[in-house]
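The primary structure of each chain is shown beneath.
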Amino acid sequence: MSLRTALQLSLAALLAGLFLAGAAQAGEVEVEALYKTRCAECHGAGRLGGQGPALLPQNLKRLRKKAALRVIGEGAVATQMPAFGKILSKSEIAALADYIYTPLPQIPVWGKEEIAASHVVYRPDLVEGDAKSAKPVYDADPLNVFLVVETGDHHVTVLDGDKFEPIRRFRSRFALHGGPKYTSDGRFVYFASRDGWITKFDMYKLETVAEVRAGINTRNAAVSADDRYVIVGNYLPHTLVILKASDLSLVKIIPVSDGKGNTSRVSAVYTARPRNSFIVALKDIPEVWEINYEDNPPTGFSGWVHDYRKESGEEPSSERFPIRRTKVDSYLDDFFFDQDYIYLIGASRDGGGQVINLDARRVVAKIDLPGLPHLGSGITWKYKDTTVLATPNLRTGEVSVIDMKTWRTIKRIKTLGPGFFMRSHENSRYAWVDVFFGPDRDAMHVIDKQTLEIVKTLRPEPGKTAAHVEFDRTGAHALVSIWDKKGALVIYDAKTLEEVKRLPMVKPSGKYNVYNKITLSEGTSH
Ligand code: DHE
């Protein structure tokens, strides 16, 4: 364990101790007993989740305590969460809220047995996919279908991308986060929830095939280029979990450690198709990992040594999934690849960007990136005789445009506030960026990719956050989310920038077009 982690844990333990001592002195509620009778059935005896979400500070980070008090008192709409306001006193509700924001004394175990016990195959007949001649159960072009994740009531809408009509709407796991990941032909898709659930869904039959809980607090998941494996990166516990993509059974758990006793959360894991590998950024160890998933990993390739297990003295259970570790200048929170997957462009929490050559295994350039760039939603396009990378910024109201030959910032486009998501399409002259934070969060900027100027600022629904754009297959339409419980999906003509259609939706967060994702369009996230 690193010194920083140790200090954090001791501080957390101290605070937890102070809280418990205070509560005991006040002789108020027996909060553990209260939790057991009122909450454990759905949220798990150990607060690790069950039918309801996990109630740990790490999983609740995005729910303010005030909102938690309200949910306990009033219940949550469109969920099984009942209202306890009439059964429990105000102090009991407050004690429960404090309790669920108190860290557990130690990182809970989520290993082989727990993962296997959570594994369910609902449709064994669909595990391998059925006949190659299989057809979707709907008429729409399966490659121009969108999945729209509606986080307001934890549902997903399958949307016809030609007619912009919903085909099916189904309940998802609680709090999906990150982009769902399609197999290379778009037939299946994998969702990851913040609570660690991975769901495999059949895009033709519109049925859930299998589910497994791969972690307690998960970052994201990726699918191998050969469609054989799904990898899951966790915050809790500090692991990477490799699953068989067909039925989601467990293949391997990789503890994330530097071999010297320091463990780390996973910032994110992505698939690097041309490299037949997964790339992993770590939050607490300044390293990038590359994990090869071929049956016969390249041998004459210098550095393809499973040095983590060698250093840690652990016996390798098999030589599959060798790890190649690259030291980086600081912890990576967020990153982005060039289209050839040779360079990784990373941003760290202390600011600035670094370019890592994945073949040379070293940092080759620094990038001038102020604030907190959100490289995860960076995009690229051809500009004059070069290719540029553009990224919004979570802290400052600007989009940085970087020349990928020289790694110099060639323009900082001022926006009305910090942005979260940026999008374009090969066939569109525009790039779209939201203004996610501040008084102008209902605004959406449209940038001309050749003049690098904002040409229009749309306000799809004044007063409500407009965020996250995705184009249809041909780039003719851009779909914008109105990020509100009484929200909508607003479809624009991508050339005239006029609204074409509006569909009511419940806080639609991201939307993901099958074709753009499986062809790794330069205008979208991968
Ligand atoms: Fe995300 C993607 C990290 C907060 C909505 N977000 C991602 C990815 C990462 C990430 C690493 C890429 C995963 C992938 O697609 O495989 N997100 C983080 C954070 O570190 C951060 C800032 C803090 C946290 O709570 O984890 C964060 N993210 C949020 C939100 O608060 C958002 C706005 C609402 C929510 O649902 O949680 C949010 N993140 C999203 C969305 C994507 C995403 C919609 C997928 C974007 C895409 O188009 O691919």
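Below is a summary of the structure that appears in this document.

What counts as what
- Residues numbered from 1 in each chain as written.
- Predicted model: local features only at pLDDT ≥ 70, side-chain atom pairs only at ≥ 80, totals over all residues.
- Heavy atoms only, no water.
- Salt bridge = Lys/Arg side-chain N within 4 Å of Asp/Glu carboxyl O.
- Helix = DSSP H or I, 4+ residues; strand = E, 2+ residues; numbered from the N terminus.
- Buried < 20%, exposed > 50% of the residue type's maximum accessible area, 1.4 Å probe, protein only.
- Axes fitted to C-alpha atoms, helices over the stretch in contact; angles between N-to-C directions.
- Parallel < 35°, antiparallel > 145°, perpendicular 65-115°, else oblique.
- Left-handed = near helix turned anticlockwise from the far one by under 90°.
- Contact = heavy atoms within 4.5 Å.
- Core = buried A, V, L, I, M, F, W, Y, C linked by side-chain atoms within 4.5 Å.
- Near = heavy atom within 4 Å.
- Polar contact = N/O pair within 3.5 Å; in protein donor to acceptor, adjacent residues only side chain to side chain.
- Nonpolar A, V, L, I, M, F, W, Y, C, P; charged D, E, K, R; others polar.
- Patch = residues over 30% accessible without salt bridge, like charges linked within 9 Å, V, L, I, M, F, W, Y side chains within 5 Å.
- Areas by Shrake-Rupley, 256 points an atom, 1.4 Å probe, with all protein chains shown as cover.
- Lys, Arg positive; Asp, Glu negative; His and termini not counted.
- Charge placed at Lys NZ, Arg CZ, Asp CG, Glu CD.

### Concerning the pattern of salt bridges
For the structure shown, the criterion picks out 32 salt bridges. A salt bridge links E522 to K382, with the shortest nitrogen-to-oxygen separation between them at 3.8 Å. Taken together, the residues span a long stretch of sequence, with E522 in the segment after α8 (514–518) and K382 in strand β21 (residues 379–383) at a distance of 140 residues. E522 sits in the buried class, given a relative accessible area of 13%. Look at K382 and you get exposed, because its relative accessible area is 55%. Through salt bridges with shared partners, one network takes in E461, K464, D484, E499 and R502.

### Things to note about the packing of helix α4 (residues 65–74) against helix α5 (residues 90–100)
Taken N-terminus to C-terminus, the directions of α4 and α5 make an angle of 125°; their axes are 9 Å apart at the nearest point. By the criterion of interaxial angle, the relationship of α4 to α5 is oblique. Crossing hand, α4 versus α5: right-handed. Listed contacts from α5 to K65, L69, I72 and G73 of α4 are I93, A94, L96, A97 and D98.

### Regarding the nonpolar core
Grouped together as the largest cluster of nonpolar side chains are 24 residues, with contacts concentrated most on I198, V230, V232, L243 and L248. Mapped onto this core, the elements with two or more residues apiece are β6 (188–192), β8 (207–213), β9 (217–223), β10 (229–236) and β11 (239–244). The next biggest cluster of nonpolar side chains, apart from the first, holds 20 residues, and it includes V145, V156, L176 and Y204.

### Focus on the site of the ligand
Around the ligand, a shell composed of 20 residues is seen, among which H177, K181, R219, R423 and S525 lie nearest. In this structure, R219 approaches the ligand through a side-chain N or O atom, which is 2.7 Å from an oxygen atom. Here H468 contributes a side-chain N or O atom positioned 2.7 Å from an oxygen atom of the ligand. Only β9, β13 (266–272) and β33 (508–513) provide two or more residues apiece to the shell around the ligand. Per-element accounting of the shell around the ligand gives the leading share, three residues, to β13. Classifying every residue of the shell around the ligand by side-chain character gives seven nonpolar, eight polar and five charged.

### Things to note about a positive patch on the surface
Where like charges cluster on the molecular surface, the positive patch consists of R64, K66, R70 and K485. Within the fold, K66 resides in helix α4.

### A look at the packing of helix α2 (residues 31–38) against α5
Interhelical geometry of α2 versus α5 gives an angle of 90° and a closest axis separation of 10 Å. Looking at the two axes, α2 sits roughly perpendicular to α5. Residues V31, E32, L34 and Y35 of α2 pack against E92, A95, L96, Y99 and I100 of α5. Grouping the amino acids of the contact of α2 with α5 by side-chain chemistry returns seven nonpolar, no polar and two charged.

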